[in-house]
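Okay, here's what each chain looks like letter by letter:
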Amino acid sequence: MSSNNNHPFKIDVSGRISRLPPYLFARINKMKYEKRVKGEDIIDLGMGNPTDPTPKVVVEKLAEAALDPRNHRYSVSNGIAGLRKEMAKKYKQKYGVELDPETEVIATIGSKEGFSHLCLAMLGPGDTIVVGDPAFPIHIYAPAMAGANVIRVPLGNDEAFLERIERVFNELYPKPKLLILNYPHNPTAMTIEPGFWEKAIAMCKRHGVMIISDLAYGEICFDGYKAPSFLAAEGAKDIGVEFTTMSKSYNMAGWRVGFCCGNAEMVKALATIKGYYDYGMFAPIQIASVIAMRACKDIPEEQSRLYQERRDVVCHGLDKLGWTYEKPLASMFVWAKINPAHLKKDEGSLEFCLRMMDEAGVSLSPGKAFGENGEGWVRIALVENEHRLKQAMRNLDRTLNPRPPKSKRAAAAAK
């Protein structure tokens, strides 16, 4: 029987797919892949993907637990009790925060999954969230996929920023449902002082707005700075939750271990959604994560020292390029404004990053991928070793500040 080719079958995807903004990293990733297939050396400073190894004791515990057939069954979607208790203990020791591991802590498959499913649990069509611009893409995409509207406010870390947010609260009807805050910030590495949280909580309580704090980079701090936890501020658990992850501080990015802690009703809503969607992480990963928190308490500080040294290498290179930046006090990124002299006519940050990969062999993240206020900037990830970072900065300098051959310089000097 022949098929009728006059009417090709149409695959009709959901509206939530069409509502998503264009993924600007797609072009960067495609070019990077194609160049690597050709054997070209690309120094990847685009993605915040740690290259340092997971602590050996953690890997050994994973291997040991994986050999036990009792750990091969489905786990539980909210995380094993031992892991939740360990995270509650860590919050108590590090931030002085009391958490009930049964009702105020849930383990997630990385903070990105947890954040996305919490948006699905808390938001729907007609709801609105407020987020700073620039923003980490999932802070925009996850609410959009949940059907909510996204209001972007120019990013800040002071009272003026909170006043901009409150203006939105006052002018919008119905009021926004959620405020998403992320410090240390991705992509800008912007940080806050503890008093910021008290002011943000007081404002949101006045307007009946919940808060989600993303503290993914909270343990990567430099020059004596300590990133404050939202949950350590008075009244935080009344109105919000905080996401943390083991990806950066323990070099466990691929393990996908995150946590959502705080308000019991929000944690319960996330647990409900996750109960339908997944059976939790592979148990040996969770068991190994407990060991990471117990036996590797010094690792986050050691990693911070490593990232601080890399930060200094990149900042030195940026000084030579004449780019503008604020030396970050935390996170694994440097946020830098491209020297206008290095941009071609009508060239945006995306086109510039594609050109740098082509001409300098260095992959950077274009600022525009994080929002309109990121245009003209790039995010540089501190994920390579110092030698590779120095090489990347030399490559950029050679490409953007070409110098005449030595013989010509010598001749010019002789004149």
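Residues numbered from 1 in each chain as written. Predicted model: local features only at pLDDT ≥ 70, side-chain atom pairs only at ≥ 80, totals over all residues. Heavy atoms only, no water.

1. A few points about helix α14 (residues 386-400)
Inference 1: Taking 1.5 Å as the rise per residue, α14 with 15 residues should run 21 Å; its terminal C-alpha atoms sit 21 Å apart, in good agreement.
Inference 2: For α14, the set of buried residues is R388, L389, Q391, A392, M393, N395, L396, D397 and L400.
Inference 3: Buried positions along α14 lie against β1 (43-44), α12 (299-321), α13 (349-360), β11 (362-363) and β13 (377-381). (Helix = DSSP H or I, 4+ residues; strand = E, 2+ residues; numbered from the N terminus. Expected span 1.5 Å × (residues − 1). Buried < 20%, exposed > 50% of the residue type's maximum accessible area, 1.4 Å probe, protein only. Contact = heavy atoms within 4.5 Å.)

2. A short note on a positive patch on the surface
Inference 1: Together, K320, K390, R394 and R398 make up a positively charged patch on the protein surface.
Inference 2: It is α14 that contributes the most residues to the positive patch, three residues altogether.
Inference 3: Among the secondary structure elements, K320 is positioned in helix α12.
Inference 4: On the basis of relative accessibility, which here comes to 53%, the residue K320 falls in the exposed class. (Patch = residues over 30% accessible without salt bridge, like charges linked within 9 Å, V, L, I, M, F, W, Y side chains within 5 Å. Areas by Shrake-Rupley, 256 points an atom, 1.4 Å probe, with all protein chains shown as cover. Salt bridge = Lys/Arg side-chain N within 4 Å of Asp/Glu carboxyl O. Lys, Arg positive; Asp, Glu negative; His and termini not counted. Charge placed at Lys NZ, Arg CZ, Asp CG, Glu CD.)

3. Some words on the packing of aromatic side chains
Inference 1: Enumeration over the complete set of coordinates arrives at 12 aromatic pairs.
Inference 2: Between Y183 and F196, the ring centres sit 5.2 Å apart and the planes meet at 70°, which makes this aromatic pair edge-to-face. Remark: F196 occurs in helix α8 (residues 195-207) and Y183 occurs in the loop between β5 (178-181) and α8; sequence separation between them is 13 residues. Across the pair, F196 and Y183 agree in class, each one buried.
Inference 3: On the basis of an interplanar angle of 75° and a centroid distance of 6.4 Å, the ring pair of Y183 and W197 is categorised as edge-to-face. Here W197 lies in helix α8 and Y183 lies in the loop between β5 and α8, a separation of 14 residues in the sequence. Just as Y183 is buried, W197 falls in that class too.
Inference 4: Grouping aromatic residues by their ring pairs yields a cluster made of F25, W335, F370 and W377.
Inference 5: Taking NZ or CZ as reference, R379 lies 4.0 Å from the ring centre of F333, over its face. (Phe/Tyr/Trp six-rings, centres within 6.5 Å; stacked < 30°, edge-to-face > 60°. Lys NZ or Arg CZ within 6 Å of the ring centre and 35° of its normal.)

4. Things to note about helix α4 (residues 81-95)
Inference 1: Look at α4: 21 Å from first C-alpha to last across 15 residues, which is about the 21 Å you get at 1.5 Å a residue.
Inference 2: Of all the residues in α4, the buried ones are L83, R84, E86, M87, A88, K90, Y91 and Y95.
Inference 3: In this fold, the buried residues of α4 make contact with β2 (105-108), β7 (240-245), β8 (258-262) and α11 (283-295).
Inference 4: Once α4 finishes, G96 follows within two positions and takes phi at roughly 70°, a positive value.

5. Examining the pairing of strand β6 (residues 210-214)
Inference 1: Among the five residues in β6, five count as buried, and that is most of the element.
Inference 2: Burial along β6 is two-sided: M210, I212 and D214 and I211 and S213, pointing in opposite directions, are all buried.
Inference 3: As paired strands, β5 and β6 are joined by four bridges and run parallel to one another. From the neighbouring strand, I180 faces β6, where its bridge partner is I212.
Inference 4: In this fold, β5 hands off to α8, which returns the chain to β6; that crossover is right-handed.
Inference 5: Here β6 runs beside β7; their pairing, made up of four bridges, is parallel. Residue S213 lies in a different strand from β7, and its bridge partner there is E242. (Pairing = 2+ DSSP bridges. Right-handed = clockwise from strand over helix to strand, strands pointing away.)

6. Observations regarding the sheet that holds strand β12 (residues 365-366)
Inference 1: Sheet architecture is open: four strands sit in the order β9-β10-β13-β12, paired in antiparallel fashion. Of all the strands in the sheet, the pair left with one neighbour each is β9 (324-325) and β12.
Inference 2: Pairing of strand β10 (residues 333-337) with β13 involves five bridges; the strand directions are antiparallel. Along β13, the bridge assignment pairs V334 with I380.

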